[in-house]
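For reference, the chains in residue letters:
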Amino acid sequence: MMLDKIELLSEEWKEEVIRLKKLDCPIILFGAGCTSQFIVDQLKEYGIFPAAFCDNNKDKIGSMVAGLQVISVEQLLNEYRTAYIYITTQLYYTEIKHQLCSLGIGQEQISKYDIIFQMEWEKEFFNYCKKKEEELDWLYHNLADEKSRKVLFNRLAFFRTRNREYMTQIRDKNQYFDEEIIDFNNINTFVDCGMYTGDTIIGFLKFGGQECEIWGFEPDSEIADIARKELSDIQKCKVHIINKATSDRNGVVKVRESLGVMQTIENSIWGGNKEIEKSFETCTLDEVFGTNLNKKIDFIKMDIEGAEFASLTGAEMCIRRNQPVLAICVYHKREDLFTIPKLILHFNENYKLYLRHYSDNQTETVFYACV
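Before going into details, it helps to say that this report is about the structure given with it. (Residues numbered from 1 in each chain as written. Predicted model: local features only at pLDDT ≥ 70, side-chain atom pairs only at ≥ 80, totals over all residues. Heavy atoms only, no water.)

**Re the overall build of the chain**
Now for step 1: Across its full length, the chain carries 15 helices and 16 strands.
Now for step 2: If you line up the chain on its principal axes, its C-alpha atoms span 70 × 50 × 35 Å.
Now for step 3: Every one of the 371 residues in the chain was classed for burial, and the buried ones make up 57%.
Now for step 4: Nonlocal contacts in the chain, meaning residues at least 24 apart in sequence, comprise 71% of its contacts between residues at least 6 apart.
Now for step 5: For the chain, the exposed surface amounts to about 17000 Å²; the carbon and sulfur share of it is 46%.
Now for step 6: Charge centroids of the chain, computed over 45 positive and 59 negative side chains, lie 1 Å from each other. (Helix = DSSP H or I, 4+ residues; strand = E, 2+ residues; numbered from the N terminus. Buried < 20%, exposed > 50% of the residue type's maximum accessible area, 1.4 Å probe, protein only. Contact = heavy atoms within 4.5 Å. Areas by Shrake-Rupley, 256 points an atom, 1.4 Å probe, with all protein chains shown as cover. Lys, Arg positive; Asp, Glu negative; His and termini not counted. Charge placed at Lys NZ, Arg CZ, Asp CG, Glu CD.)

The following block contains the structure:
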């Protein structure tokens, strides 16, 4: 039913590829980030050959990235005024577009499409959803509010068209900490799976829990050390940093770190040429908290690069016993959109499910569950 409406939408991104190949003006890529080589390679496979990168980072200006020179915004305005600009960033498309428009670049010169499939499963995601139509209808009708249903519809429409406007329409703020959904007055213990450098914990403290107990899980020792320094000034909260990855088992796993930005205990999340293997320890939340029956967990956040389903499985006892608020990312693997909400309701059928989105692309989609 919902997919029937989306299937009527044109695959606009294919039309954009054709248009880019026929342009008689230079193409500038705005944003020379860690995926630059991947993006340039993908564009060349389409027969698209950009002229240069542009970036706001002054340290990058004049350098060569993926075989292309990085120019400044001033150079863009002076030397490439008529260029067509493809914004590469996953997270800051809107901000860069506003910047360019404020400098007099016309909107018609800025691509509103994302034609790069950075994860392999994205290429066939719409066809995958067609095979899962019954589950998709189940999900649609089990979402707790109309805003969640719009997020679901627009997200699928984006995969069909790759038109970023579908995502900018639903982009929200305060990732993991939606005040419309979460009552922070009732949060006394916060569990952060995928703590990274502690930025999420710092964000959490802005919403409440100034005297909370906080547990942060980060498997990378170097990153965990950064978090310890960043969080060392916190006075009222008791912060525990666990140098392990959460999963459905205790042990040691090989980790594939691809493109310099993503670490995952799961396989087949990212493609990429440069990959480094590391070994990380894993644990289950049930093991960590299971011996302390008096420890009530109020809020669990997971942004762990595809290990969310496994980590929820390893937290079943905690979730059944405590009924915590859950904020779970569901964009790392295609099946997470279906399997994670069903797993949550299997643990507790009284959970209400919400879906929110926090970027101009397919990334940063979060399921919330509250009793």
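**Here's the deal with the sheet that holds strand S2 (residues 52-54)**
Now for step 1: One open sheet accounts for five strands, arranged S3-S4-S2-S1-S5; its pairing is mixed. Edge positions in the sheet fall to strand S3 (64-65) and strand S5 (84-87), since each has one partner strand and no second.
Now for step 2: Sheet analysis places strand S1 (residues 27-30) next to S2, joined by three bridges and oriented parallel. In the sheet register, phenylalanine 30 faces S2, and the bridge partner there is cysteine 54.
Now for step 3: Of the strands in this sheet, S1, S2, S3 and strand S4 (68-71) touch helix H3 (residues 36-45), which is tilted by about 150 degrees from S1. (Pairing = 2+ DSSP bridges. Axes fitted to C-alpha atoms, helices over the stretch in contact; angles between N-to-C directions.)

**Describing the packing of helix H7 (residues 133-142) against helix H15 (residues 336-347)**
Now for step 1: H15 packs onto H7 with a crossing angle of 55 degrees between their chain directions and a minimal axis gap of 10 Å. With respect to H15, the element H7 is oriented oblique. Considering how the two elements wind past one another, H7 and H15 form a crossing that is left-handed. Of H15, the residues touching H7 (which contributes Glu135, Leu136, Trp138, Leu139 and Asn142) are Leu337, Phe338, Pro341, Lys342 and Leu345.
Now for step 2: Class assignment for the residues of the contact of H7 with H15 results in seven nonpolar, one polar and two charged. (Parallel < 35°, antiparallel > 145°, perpendicular 65-115°, else oblique. Left-handed = near helix turned anticlockwise from the far one by under 90°. Nonpolar A, V, L, I, M, F, W, Y, C, P; charged D, E, K, R; others polar.)

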